[in-house]
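Below are the chains, spelled out letter by letter.
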Amino acid sequence: MSTERLPISVLRPRLVPGRWDSLAFVLVVAALVYLAHAGLGLVAPLSHLTAERISLNPWALPGYAAQTALRMLVAMGASLLFTFTYATLAAKSRRAAAVLVPLLDILQSVPILGFSFTIVFFLSLTPGRVAGAEFAAVFLVFTSQAWNMAFSFYHSLRSIPAELDEAARSFHLGPWMRFWRLEVPFAMPALIWNMMMSMSGGWFFVVAAEAISVGHTTVTLPGIGSYIAKAIAARDLGAIGWAIAAMAVVILIYDQIIFRPLIASADWFRLEQETGLTPSRSWALTMMRRSRLLSLGAHTFGALVRLGFNRGPLRPPRPRPERRRGRLADILWSVGIALLVGLAVWKILSYVLSSVPSGQIGHVVVLGLYTLTRVAVLIGLATVVWVPIGVHIGLRPRLAAAVQPVAQFLAAFPVNLLFPVVVSGIVFFKLDPNIWLSPLMILGTQWYILFNVIAGASSLSTDLKYVGENLHVRGWLWWRRIALPAVFPFYLTGAITAAGGSWNASIVAEVANWGNKHLVAKGLGAYIATATAAGNFPRTALGIVVMSVFVVAINRLFWRPLYARAERQFRMS
């Protein structure tokens, strides 16, 4: 047979690496070299952090950006592991959900400064070494990423359609294979968008994670966050501009290497494929699929996942326990949880009241009402603005691909960088900080609503779209009967996390500093930030407890009933 017209890729021996193999090899080696360099820094003495001061020289930013990017990537991996374990247990066990879901509400409401006590813990793990401080910074970034992803995955698992559940039973999938073959693929489109939002949330709080002061203890790690903190203290607008540029480059790299391939591969996990739609493209995904080096690693990982978890014989259903036994176990479980909660409340109250007068509690509750009013107004405004925009973007995949990196950068924009404009404007025009500092609370959290609405609109049933077109459903009727019911569960996920994130962001937004100018708005966030800066741990604990009570009560009494209704309607469809 003649080989004159055969393509070069066919004639070339399979052992000869191609261009994609070469590119993958370069990227893998560069990543390994960087990880090795970072590993050497972990064993350096802790005094090295105080000896090397943060430099505002722009040439130092590439190194700072690389260190911050690595911390956020490690935190993202830990957040994924937490999501797959914690959310799965909460979704599959009714008794566990009674504890884990409220606990998740509490954890997302605890400000990042509330976890600052972990600095001492992590430093004690590696006495005198930088590794402890790095672990503390990664954990603080983790606390700004994990809760949103866990909520998204939990709600997706609770919303799996009945027909898919029956299909998994028909194929005799065990728990492990059911998780990887049904539950993770079904939750993946929404989880990918929430991963991007969580990464952006990490940028939002990276200033507090890398440059945090608790009383007389100060830990400053080299990174973009500590660079921004020093630039704000020095009122150096040029340095802030360079920090924004460095953030944009890192976000672009993350977008091209991680998130763009995930978005392009999200079509694989959709329930329905729309014909005639051009799939999203990603050079990194093409490299991963065509590189034999990476394909070998992927096949090896897949074989390990499938090892020992093949389809087994159909087992008869387990006999249900007697109702009396079930009720008795539920009662004992509830009593045990109530005792643990009571013990925790007693310990916290005894610790707080040992240093804080009882009359202070009422004052803190009033401050919480101030912050609650701000959060409610801002979430309402964000809903009115971003739900229509999110639906419009989500129904147009090409537009979503173009908007995604822009929205990602805006979501990652640290609110601290707006302090020069906001503080100077409030002082110059003699405005009320209680009103004009409030928008800073929603700046980084409004994107939870947008990203989740985009994910919901992009998963809108093709049949439902065609039905609407054939029946000429237009205007408000289309929104009321098609668009809003489809995105409502996704919107609630975004609204819950946006509300919790706004409470968390209040510690940054209600206290604004620019050089020697200091503005404070009345609210619970300002109370916690001031108490933490002064090293008054009992007052900090009081503020965190009151904030957690507010968030959990609102979620239980308002958001959860709405989500239960949306969940029932979604499963009926």
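A quick note: this is a predicted structure, and the numbers were derived from the prediction, not measured. (Residues numbered from 1 in each chain as written. Predicted model: local features only at pLDDT ≥ 70, side-chain atom pairs only at ≥ 80, totals over all residues. Heavy atoms only, no water.)

A.B. asks: Mind laying out the overall build of the chain, listing which residues take part and the relevant values?
C.D. replies: Of regular secondary structure, the chain possesses 26 helices and four strands. Going through the 573 residues of the chain one by one, you find that 47% of them count as buried. Taking as baseline every contact in the chain between residues at least 6 positions apart, the subset at least 24 positions apart corresponds to 80%. (Helix = DSSP H or I, 4+ residues; strand = E, 2+ residues; numbered from the N terminus. Buried < 20%, exposed > 50% of the residue type's maximum accessible area, 1.4 Å probe, protein only. Contact = heavy atoms within 4.5 Å.)

A.B. asks: Just give me the short version of the packing of aromatic side chains, but keep the residues and values in it.
C.D. replies: Remark: the centre distance and the inter-plane angle together describe each pair of aromatic rings, the angle taken between the planes. Tallied over the entire structure, the rule returns 17 aromatic pairs. Here F84 and W180 contribute two aromatic rings whose centre-to-centre distance is 5.9 Å and whose plane-to-plane angle is 75°, an arrangement assigned as edge-to-face. With a gap of 96 residues between them, F84 in helix 4 (residues 61-92) and W180 in helix 10 (residues 175-204) connect regions that are remote in the sequence. When its relative accessible area of 19% is taken as the criterion, F84 is described as buried. When the ring of F139 is compared with that of F142, the centres are 5.9 Å apart and the planes differ by 25°; the resulting orientation is stacked. Of this pair, F139 and F142 are both found in helix 7 (residues 130-142), three residues apart, which corresponds to roughly one turn of the helix. Residue F139 is classed as partly exposed on the basis of its relative accessible area, which comes to 24%. Among the aromatic residues, those joined into a cluster by ring pairs are F82, Y86, F139, F142 and W147. (Phe/Tyr/Trp six-rings, centres within 6.5 Å; stacked < 30°, edge-to-face > 60°.)

A.B. asks: Residue-level account of the side chain of T143, with values.
C.D. replies: Position of T143 among the secondary structure elements: in the loop between helix 7 and helix 8 (146-158). Only 2.5 Å separates the side chain of T143 from the backbone oxygen of L140, close enough to count as a polar contact. (Polar contact = N/O pair within 3.5 Å; in protein donor to acceptor, adjacent residues only side chain to side chain.)

A.B. asks: If you had to explain the environment of T445 to someone new, which residues and values would you point to?
C.D. replies: By secondary structure assignment, the location of T445 is in the loop between helix 21 (439-443) and helix 22 (446-458). For the pair T445 and G501, spaced 56 residues apart in sequence, the C-alpha to C-alpha distance is 5.8 Å. Every residue in contact with T445, bar those within four places of it in the chain, is listed here: A498, G501 and S502.

A.B. asks: Give me a nonpolar patch on the surface: which residues, what numbers.
C.D. replies: Together, F25, V26, V28, V29, L32, V33 and L293 line one region of the surface with nonpolar side chains, adding up to about 610 Å² of accessible area. The dominant element in the nonpolar patch, judged by the number of residues it contributes, is helix 2 (residues 19-42), at six residues. Of note, F25 is situated in helix 2. (Patch = residues over 30% accessible without salt bridge, like charges linked within 9 Å, V, L, I, M, F, W, Y side chains within 5 Å. Areas by Shrake-Rupley, 256 points an atom, 1.4 Å probe, with all protein chains shown as cover. Salt bridge = Lys/Arg side-chain N within 4 Å of Asp/Glu carboxyl O.)

A.B. asks: Can you lay out the nonpolar core for me, pointing to particular residues and giving the numbers?
C.D. replies: In terms of nonpolar packing, the biggest core is built from 136 residues, with F153 and W203 touching the most fellow members. By residue number, the principal contributor to this core is helix 24 (residues 475-509), which donates 17 residues. When residues of this core are assigned to domains, at least three fall in each of domain 1 (60-269) and domain 3 (358-573). Core analysis: the second largest hydrophobic core is formed by eight residues, F122, L123, V130 and A136 among them. (Core = buried A, V, L, I, M, F, W, Y, C linked by side-chain atoms within 4.5 Å. Domains from an automatic or database assignment.)

A.B. asks: Which residues make up the packing of helix 13 (residues 237-265) against helix 14 (residues 283-290), and what values do they have?
C.D. replies: As a packed pair, helix 13 and helix 14 sit with axes 7 Å apart at the nearest point and diverge in direction by 80°. Here helix 13 is positioned roughly perpendicular relative to helix 14, judged by the angle of their axes. Every residue of helix 14 that contacts helix 13 at Q256, I257, P261, A264 and S265 is listed here: W283, A284, L285 and M288. Residues of the contact of helix 13 with helix 14, tallied by class, amount to seven nonpolar, two polar and no charged. (Axes fitted to C-alpha atoms, helices over the stretch in contact; angles between N-to-C directions. Parallel < 35°, antiparallel > 145°, perpendicular 65-115°, else oblique. Nonpolar A, V, L, I, M, F, W, Y, C, P; charged D, E, K, R; others polar.)

A.B. asks: Can you explain unusual backbone geometry? Please cite residues and give values.
C.D. replies: The phi torsion at H172 lies on the positive side, around 60°, for a residue other than glycine. Along the chain, the position of H172 falls in the loop between helix 9 (162-170) and helix 10. Note on H172: relative accessible area 28%, which makes it partly exposed. For K430, which is not glycine, the phi dihedral falls at a positive 55°.

A.B. asks: Account for the pattern of salt bridges, naming residues and giving values.
C.D. replies: One pass over the structure, following the stated rule, counts eight salt bridges. E210 is the partner of R71 in a salt bridge, and the nearest nitrogen-oxygen pair spans 2.8 Å. Placement of R71 in helix 4 and of E210 in helix 11 (residues 206-210) is noted, with a sequence separation of 139 residues between them. For R71, a relative accessible area of 5% puts it in the buried group. Put simply, K92, D165, R169, R178 and E183 are held in one network by salt bridges that share partners.

A.B. asks: Pulling in residues and values, what's your account of helix 22?
C.D. replies: Relative to the 18 Å expected for 13 residues at 1.5 Å per residue, helix 22 spans 19 Å between its end C-alpha atoms, a close match to the ideal helical length. Of all the positions in helix 22, only Q446, W447, Y448, I449, L450, F451, N452, V453, I454, A455, G456 and A457 are classed as buried. (Expected span 1.5 Å × (residues − 1).)

A.B. asks: Before we move on, could you go through the confidence of the model for the chain and cite the residues and values that matter?
C.D. replies: One rule of thumb: low pLDDT means the predicted coordinates there are not for detailed reading. Taken residue by residue, the chain gives an average pLDDT of 77. The fraction at 70 or more is 79%. Model confidence for the chain, summarised as mean pLDDT per element, is weakest for helix 1 (residues 8-11) at 46 and strongest for helix 17 (residues 359-394) at 92. (pLDDT = per-residue confidence, 0-100.)

A.B. asks: Hey, could you go over the packing of helix 22 against helix 24 for me, with residue numbers and the actual values?
C.D. replies: At a minimum axis distance of 8 Å, the contact between helix 22 and helix 24 shows a crossing angle of 165°. Between helix 22 and helix 24, the angle falls in the class roughly antiparallel. Where helix 22 crosses over helix 24, the handedness of that crossing is right-handed. Contacts between helix 22 and helix 24 pair Y448, I449, N452, V453, A455, G456 and A457 from the former with V487, F490, Y491, T493, G494, A495, T497 and A498 from the latter. (Left-handed = near helix turned anticlockwise from the far one by under 90°.)

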